[in-house]
Amino acid sequence: MCVVDHDGVVHWQGKIPSEPGRLIKRLAEWSGIIELVGIEACPLSEWLHRGLREEGIPVVCIETRQAQRFLSSRPVKTDKNDARGIAEMMRLGHYGPVHVKSRQRS
């Protein structure tokens, strides 16, 4: 996870388990300040997206191929660099949102 401001200054970067509760707890430090959280489309994205949205956190799921193209311009492929790259994509508005299915109710 990487948190950057409008100028691209990193305010925090580190590892967080991919669970809504853990992400929400960590993001609480920037409550009311966060403009957008970006998550790359993956098998967990529906669960993560729903959890963040339910807590009122603005979140968008981004298109995987576009993220890969953007991230491939980075010199070294690491999770840390990918997190920073996704944060930059959000900051620059350089992303394509993916529709996330809403929870089906029975």
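Residues numbered from 1 in each chain as written. Predicted model: local features only at pLDDT ≥ 70, side-chain atom pairs only at ≥ 80, totals over all residues. Heavy atoms only, no water.

A. Geometry of the pattern of salt bridges. In total, this model carries six salt bridges according to the counting rule given. With a shortest N-O distance of 3.8 Å, arginine 50 and glutamate 46 are connected by a salt bridge. Remark: glutamate 46 and arginine 50 occur in helix H2 (residues 45-54); sequence separation between them is four residues, near one turn of the helix. One salt bridge in this structure joins arginine 65 and glutamate 63, with 3.0 Å as the shortest N-O distance. Through salt bridges that share partners, Arg84, Glu88 and Arg91 make up one connected network. (Salt bridge = Lys/Arg side-chain N within 4 Å of Asp/Glu carboxyl O. Helix = DSSP H or I, 4+ residues; strand = E, 2+ residues; numbered from the N terminus.)

B. Region of the structure containing the environment of isoleucine 86. You can see isoleucine 86 is positioned in helix H4 (residues 79-92). Sequence separation between isoleucine 86 and serine 73 is 13 residues; the distance between their C-alpha atoms is 12 Å. Setting aside anything within four residues of it in sequence, one finds isoleucine 86 in contact with Gly38, Glu40, Ile62 and Leu71. (Contact = heavy atoms within 4.5 Å.)

C. Structural detail: the packing of helix H1 (residues 20-27) against H2. One way to put it is that H1 packs onto H2 with a least axis distance of 9 Å and a crossing angle of 45 degrees. With respect to H2, the element H1 is oriented oblique. The interaxial crossing formed by H1 with H2 has right-handed handedness. Contacts between H1 and H2 involve Pro20, Leu23, Ile24 and Leu27 on the former and, on the latter, Trp47, Leu48, Gly51 and Leu52. A per-class count over the contact of H1 with H2 returns seven nonpolar, one polar and no charged. (Axes fitted to C-alpha atoms, helices over the stretch in contact; angles between N-to-C directions. Parallel < 35°, antiparallel > 145°, perpendicular 65-115°, else oblique. Left-handed = near helix turned anticlockwise from the far one by under 90°. Nonpolar A, V, L, I, M, F, W, Y, C, P; charged D, E, K, R; others polar.)

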